[in-house]
Each structure stands twice: as structure tokens, then as C-alpha cells.
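# Close look at the chain arrangement
In case you want the letters, here they are:
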Amino acid sequence: MTDKLSVAIAAGGTAGHVNPALALAVELAARGHTVRFCGETRRLEGKLVPQAGFDFFPVHVTGFDRARPWTLATALAHLAHEERRLAAAFRADPALAPDVAVGFGAYVELPLMRAAARLKIPVVLHEQNSVPGLANKQSAKSASLIAIAQPDVRAVFERHAGARTRIEFTGNPVRRSVLAGDRARGRDALGIPQDATVLLVFGGSLGAHHINQRMCELKDALLGIDGLHVVHSTGAEDFEATRDALALSEAEATRYHVQPYIEDMGDMLAAADLVLSRSGASSVAEIAALAVPAVLVPYPLATADHQTTNARFLVDAGAATMFPDAQIDDEAFSSSLLELLRDGARREQMREAARGLAQDKAAVRLADAIEGLRS
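A few points on the structure. (Residues numbered from 1 in each chain as written. Predicted model: local features only at pLDDT ≥ 70, side-chain atom pairs only at ≥ 80, totals over all residues. Heavy atoms only, no water.)

This part takes up helix H13 (residues 306-317). Taking 1.5 Å as the rise per residue, H13 with 12 residues should run 16 Å; its terminal C-alpha atoms sit 18 Å apart, in good agreement. Within the span of H13, buried status applies to His306, Gln307, Thr308, Thr309, Asn310, Ala311, Phe313 and Leu314. As for H13, its buried residues are in contact with strand E7 (166-169), helix H12 (281-289), strand E12 (294-296) and strand E13 (320-322). Note on H13: the residue one or two positions beyond its end, Gly318, has a positive phi of about 85°. (Helix = DSSP H or I, 4+ residues; strand = E, 2+ residues; numbered from the N terminus. Expected span 1.5 Å × (residues − 1). Buried < 20%, exposed > 50% of the residue type's maximum accessible area, 1.4 Å probe, protein only. Contact = heavy atoms within 4.5 Å.)

Rendered as C-alpha cells:
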């Protein structure tokens, strides 16, 4: 029986950092461990963490803008101040001091990671992407454990980690609300027949304008497939332009469901027979966790082209196909997409390949690895 732990988690800035951290927190709390977050009250974590019911210790840091070199001094001053403040708080109140500190890669993790290292508290890092961020690389040497979601990132951390750091593949934790997605419920929400073939299209926060444009061009070909329904999430900024370009007739709108965003990603992924999307870390994790066959179009301006490497995780497993953004206007893209929508046997092979990745167990594996630090 593992002793109950007090775990401090730092994650912030974007949903790609915060949601995997919350997925871990829920798993740890379900095992009886105490979880507290550190983060910025004015950013996404300041909203999502309290909503999820976890204690929140505010820290204030400022990032370094390479285009404005003078911001480095301010950033370092804030970082040092918050590190000292956390260390003092942990020393003054043993109940506040964690047994383990976990960082999810954003700059906001640095005060917690450094305060923990100073106080000899075990440090765990989780890297969601195939290209690690600066914060995780800076914290790697003091980490007891680095958990990775993409196999290719291991080699990078081997160059930055300490001599006693363990690097372990866990996958990227996915929210229980997504894992609980229900195929019938997702289809019923949009009035889609249970025996229909469903293509789910979404772009993620880094932009889907090109995908939206291409879908408008392919509308007639897609709706020419008997029994096909399209669920197309355009993103809020591109919704009106995409809706107008689609110019759906009343009859077409019964099979082509265009909306600005997806209310319940778990149910819609469960309802889908094929996904067309970008390949951000969270999207790849959720697609794999729900074992949905995918056509991935990496965002071309992602740092170090990390979305392409993210996509290869599914492509190499046989769970997805991939097209560079510059090629989705080509005939090869449309032919491949339409063929997959007609080929249920191939999609089932891809679904089985995705199941083999066991991405739905990522939060469990990460929680097990954290508990293992005490054994």
C-alpha cells in the first residue's frame, strides 16, 4: 500500500499544459493523495484548476521575449522572487510542503521546480510534445523522473537530464470526461443516425483556416458518400466565414453539421469513424485514447515542426495518415480522405492500432510512476 502523498503541480498558460495536469490530479486524488496546484491566477489555470476543485497557490512570473532582450532581467527577478517565496512557504508550513513536485512544461513551473530542488523534494517533469520546451529542459537536471508522451523526445532529455534521472514513457494524460465519451450520446446530440459514417473535423487552437477552406471545396464530394455525416468545428474566429462559404442548403445541413467549437470532445470523438485534425499534443493524445482513425495535418508554423513529430507517433503505429498542410489542396489528399471514408475495414485496422498504444492509460501510468518514487 503506497503512503498517501502530497503532490504540488505546476501547469499553465494553455489547455495543452493544464488539461493533462488536471487529468493526473484527478487520478492522484482518486487514489487518496492530496493535490495542490501552483500557477498564475490571471491565466487559464487560474480558472480551470479552481473549477476542478483543487487548491491553488498563486505565483507570478513573466516570460522572456526574445524580441525584447531587456525583458530577461525582469523575468529572472520574478522567477527568483517566486522561488524564494515558495521555499519559505514550504519551510514555514510542513502541511503545505509537497512530497513530490510535478511540472508540465510551462514557464510557470520554474519557481516550483527550483524551490523543490532546493529543499530536496523529488521533481517530476512531464513533456507532452515531441520537442521539449525551455522550462522542462532547464529543470531536467534536477528531476528524479521525466515522463514523456512522445518516444522521440527521449534522446533530447538524455542530453539534459541528471545522472540519476529516470526517463519513462507514460503517454499524455487525458481528461476522464474525454475518456468517458459515448458514441450513441454524441450522435444523438446532433441527430446523427447510429449507423451513419461520421467524419469529425477540427483544427485546434493554432489555427485551422486552411483546413476549413479545403472542407468547403470538398463539401459536394463528401456529401456524395451515402450515409456520411460531417461534424465540422471551425474555431470561433473562422465560423461565420466558413459557414458562408459552405452555403449549406436545408437538406445538406441535416448531414453537414458546422459549428464554432465542440461542447463535449469525448462524446464527439467516440461518435466519429474518422477524424481530420491538426496534431497538437492534446489532440493526438485524445484521438489515440478514444482509438479513432485519423488523418492528421500538422500546423506548419509550430515550433521546430513539432506537430509533424507528434503525428508520426500515430502514423508509425498504423493509427493515422498524415499530410503536410501544403499538400491538402492536392488530389492525393482528397482521394485518400474519401477512400478512407468508404473503407470501413481499413478504419477498423487503424482503430485497433490506436488501441494498441493504450493512450487511455496515460494518467494511470504517470500516477504509478509518481507513486514509485517512494518505493
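With that settled, consider the environment of Leu22. Relative to the elements of secondary structure, Leu22 occurs in helix H1 (residues 15-30). With a relative accessible area of 10%, Leu22 lands in the buried category. For the pair Leu22 and Val174, spaced 152 residues apart in sequence, the C-alpha separation works out to 8.6 Å. Leaving out residues up to four positions away in the same chain, Leu22 has contacts with Phe37, Leu48, Val49, Ala52 and Phe54.

Under the defined criterion, the tally for this structure stands at 20 salt bridges. Between Lys361 and Asp360 there is a salt bridge, with its nearest N and O atoms 3.1 Å apart. Judged by relative accessible area, which is 41%, Lys361 ranks as partly exposed. In this structure, a network of salt bridges that share partners links the residues Glu27, Arg31, Arg176, Asp368 and Glu371. (Salt bridge = Lys/Arg side-chain N within 4 Å of Asp/Glu carboxyl O.)

The subject of this paragraph is the packing of helix H9 (residues 209-223) against helix H10 (residues 239-246). Contact geometry for H9 and H10: axes closest at 9 Å, N-to-C directions at 15°. As the angle between them shows, H9 and H10 are arranged roughly parallel. Note that H9 runs across H10; the crossing there is right-handed. Here Asn212, Met215, Cys216 and Lys219 of H9 lie close against H10, whose contacting residues are Thr242, Ala245 and Leu246. Looking at the contact of H9 with H10 residue by residue, the classes come out as four nonpolar, two polar and one charged. (Axes fitted to C-alpha atoms, helices over the stretch in contact; angles between N-to-C directions. Parallel < 35°, antiparallel > 145°, perpendicular 65-115°, else oblique. Left-handed = near helix turned anticlockwise from the far one by under 90°. Nonpolar A, V, L, I, M, F, W, Y, C, P; charged D, E, K, R; others polar.)

This part covers the sheet that holds strand E1 (residues 6-10). Reading across the sheet, the seven strands line up as E3-E2-E1-E4-E5-E6-E7 and stay open at both edges, with parallel pairing between neighbours. Each of the sheet's edge strands pairs with one partner strand only, and the pair in question is strand E3 (55-58) and E7. Direction aside, the axes of adjacent strands within the sheet are offset by 25° on average. Note that E1 and strand E4 (residues 100-103) share four bridges and pair parallel. Bridging across to E4, Ile9 finds its partner in Val102. Its contacts with the sheet place helix H2 (residues 44-52) against strand E2 (34-39) and E3, and it is angled at close to 155° to E3. On top of the sheet, helix H4 (residues 110-118) reaches E1, E2, E4 and strand E5 (123-127); it is set at about 150° to E4, its chief contact. (Pairing = 2+ DSSP bridges.)

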